[in-house]
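Fold and geometry: a report
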Amino acid sequence: MTLTLIIACIGHIICGITDCLLAYTPGGRFDMSKDTKDSEKMKKLFEKMPLRQIEVSMLLGVLALFMAGFGYIGLSRWAEGYSKTAGTVMYISGLFFIVPITAHHVFCGAVEWFYIRLGRTEEALDTVLTFFKKTAAAAIAYVGLLVFAVTLLVLIILGKTELEMWACCFNTLPLFIILAPTKLPAKGNIANALMFLGLSFIV
């Protein structure tokens, strides 16, 4: 189990790095929600962005999330030893997170890749944004992560496991709430990595 959780931790660390490869361009940090509203700013941001950087992010991100998947499956099997219902819910929600989020990561990279290849024009921006909106449903994966985290919290809080209450600190939900106000990149991956790292010592 320990090895499985450490692999998942490393997977989320790598995934966080791949997120940064997409977010940080030679022209500055890219903010999807803000920068896509300004065609000229987008053009400058991605003027010197190497396509190779985006390609590495997409491919390495798939491998990283595959590694992370071992942790979600491992924890769900561990939880099943205490509650079959909780274990099943965590297994299904874990897979519901990993599969769509992998697709979402690739789609995010594809948006940048095609924007550059299409010449960084206003028409190119409209095209890739339309594509992104059409595939945005993959972000529903975060519902799976939320269900997984809450189920694990409830299992510990109700005393169904051998873990002490303080073990709740090693959970994506409270960790993300703490990280959310900061300016750290890849907050979700940091929270997930810390969860798996912490639990690898006590599960």
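It should be noted that the structure appears before, not after, this text.
A brief look at the structure comes next. (Residues numbered from 1 in each chain as written. Predicted model: local features only at pLDDT ≥ 70, side-chain atom pairs only at ≥ 80, totals over all residues. Heavy atoms only, no water.)

Some details on the nonpolar core
As a reminder, the rule being used: We define the nonpolar core as a collection of buried residues of types Ala, Val, Leu, Ile, Met, Phe, Trp, Tyr and Cys that are connected through side-chain atoms lying within 4.5 Å of one another. Note on exposure labels: buried denotes an accessible area under 20% of the residue type's maximum, exposed denotes more than 50%, and partly exposed covers the range between, all computed with a 1.4 Å probe on protein chains only. The way it works is that DSSP assigns letters per residue, a run of H or I at least four long becomes a helix, a run of E at least two long becomes a strand, and they are numbered from the N terminus. Pairs of residues are marked as contacts when any of their non-hydrogen atoms sit within 4.5 Å.
In this structure, Y72, L75, F97, L152, M195 and F196 are the most contacted members of the largest nonpolar core, which totals 33 residues. Elements that contribute at least two residues to this core include exactly α1 (2–23), α4 (51–80), α5 (84–117), α7 (141–157), α8 (172–179) and α9 (187–202). Those residues in contact with L75, other than ones at most four positions away along the chain, are M1, L5, M90, F148, L152, M195, F196 and L199. Counting residues in hydrophobic clusters, the runner-up holds 17 residues, among them F30, L45, M49 and M58.

Topic: α7
Our working rule: A helix is expected to reach a length of 1.5 Å times the quantity of its residues less one.
The terminal C-alpha atoms of α7, which comprises 17 residues, lie 25 Å apart, in line with the 24 Å expected from a rise of 1.5 Å per residue. Taken as a whole, α7 has its buried residues at A141, G144, L145, F148, A149, T151, L152, L153, L155 and I156.

Re the pattern of salt bridges
Once their charged atoms are close, side chains differing in charge can pair, the charge on each being opposite to the other. The criterion, for reference: In the sections that follow, a salt bridge refers to a side-chain nitrogen of Lys or Arg positioned within 4 Å of a carboxyl oxygen of Asp or Glu.
Counted by the stated rule, this structure contains four salt bridges. K41 is the partner of D35 in a salt bridge, and the nearest nitrogen-oxygen pair spans 3.0 Å. A single network of salt bridges, built from pairs that share partners, joins R77, E80 and K84.

A closer look at the packing of aromatic side chains
Stated precisely, the cut-off is as follows: In summary, the pairing rule links any two rings of Phe, Tyr or Trp, Trp by its six-membered ring, whose centres are within 6.5 Å, and it sorts them by plane angle into stacked for under 30 degrees, edge-to-face for over 60 and tilted for everything else. Lysine and arginine charges are scored as sitting over a ring when NZ or CZ, respectively, is within 6 Å of the ring centre and within 35 degrees of the ring normal.
Applying the stated criterion across every chain yields a total of eleven aromatic pairs. Between the aromatic rings of F97 and Y142, the centroid separation amounts to 6.2 Å while the plane-to-plane angle is 50°, which identifies the pairing as tilted. Of the two residues, F97 is situated in helix α5 and Y142 in helix α7; the sequence distance between them amounts to 45 residues. By relative accessible area, F97 is classed as buried at 4%. Classification of Y142 as partly exposed rests on a relative accessible area of 46%. Between the aromatic rings of W113 and F114, the centroid separation amounts to 5.0 Å while the plane-to-plane angle is 80°, which identifies the pairing as edge-to-face. Over the ring of Y91 we find R77, and its NZ or CZ is 4.5 Å from the ring centre.

Quick notes on the packing of α5 against α7
Two packed helices can be described by the angle between their axes and the distance between those axes. Quick note on the threshold: Note on geometry: axes are C-alpha line fits, over the in-contact stretch for helices, and angles between N-to-C directions span 0 to 180 degrees. For classification, angles of less than 35 degrees are called roughly parallel, those exceeding 145 degrees roughly antiparallel, those between 65 and 115 degrees roughly perpendicular, and all remaining angles oblique. Here a crossing is taken to be left-handed if its near helix is turned anticlockwise relative to the far helix by less than a right angle, and right-handed if that turn runs clockwise. In this classification, Asp, Glu, Lys and Arg are treated as charged, Ala, Val, Leu, Ile, Met, Phe, Trp, Tyr, Cys and Pro as nonpolar, and every other residue, Gly included, as polar.
Two elements in contact, α5 and α7, have axes whose closest approach is 7 Å; the angle formed by their N-to-C orientations is 150°. In terms of orientation, α5 lies roughly antiparallel with respect to α7. α5 and α7 meet at a crossing whose hand is left-handed. Residues A86, V89, M90, S93, G94, F96, F97, P100 and I101 of α5 lie in contact with α7, whose contacting residues are A141, Y142, V143, G144, L145, V147, F148, T151, L152 and L155. Broken down by class, the residue content of the contact of α5 with α7 amounts to 15 nonpolar, four polar and no charged.

Brief notes about the packing of α1 against α4
For the pair α1 and α4, interaxial distance at closest approach is 7 Å and the crossing angle is 155°. The pairing of α1 with α4 is recorded here as roughly antiparallel in orientation. Crossing of α1 over α4 shows left-handed handedness. Here the residues of the contact of α1 with α4 are counted per class, giving 18 nonpolar, nine polar and no charged.

A word on unusual backbone geometry
The phi dihedral of R120 falls on the positive side, at around 60°, and the residue is not glycine. Mapped onto the elements of the fold, R120 is located in the loop between α5 and α6 (122–135). Backbone geometry places A186, a non-glycine residue, at a positive phi of 50°. Within the fold, A186 resides in the loop between α8 and α9.

Focus: a nonpolar patch on the surface
Convention followed: Patches here are clusters of residues that have more than 30% relative accessible area and form no salt bridge, with a 9 Å joining cutoff for like charges and a 5 Å cutoff for nonpolar side chains (Val, Leu, Ile, Met, Phe, Trp, Tyr). Note on areas: Shrake-Rupley with a 1.4 Å probe; residue coverage comes only from the protein chains shown.
On the surface, L146, V150, V154, I157, L158 and M165 cluster together into a nonpolar patch covering about 540 Å² of accessible area. For I157, a relative accessible area of 46% puts it in the partly exposed group.

Things to note about a negative patch on the surface
For clarity, the threshold we go by: Positive charges are assigned to Lys and Arg, negative charges to Asp and Glu, while His and the chain termini are left out of the count. Every charge is mapped onto a representative atom, which is NZ of Lys, CZ of Arg, CG of Asp or CD of Glu.
On the surface, a cluster of negative charge is contributed by D38, E40, E122, E123 and D126. Take the negative patch: its biggest share by element is three residues, from α6. Looking at the element boundaries, E123 is found in helix α6. Judged by relative accessible area, E123 falls into the exposed class, the value being 61%.

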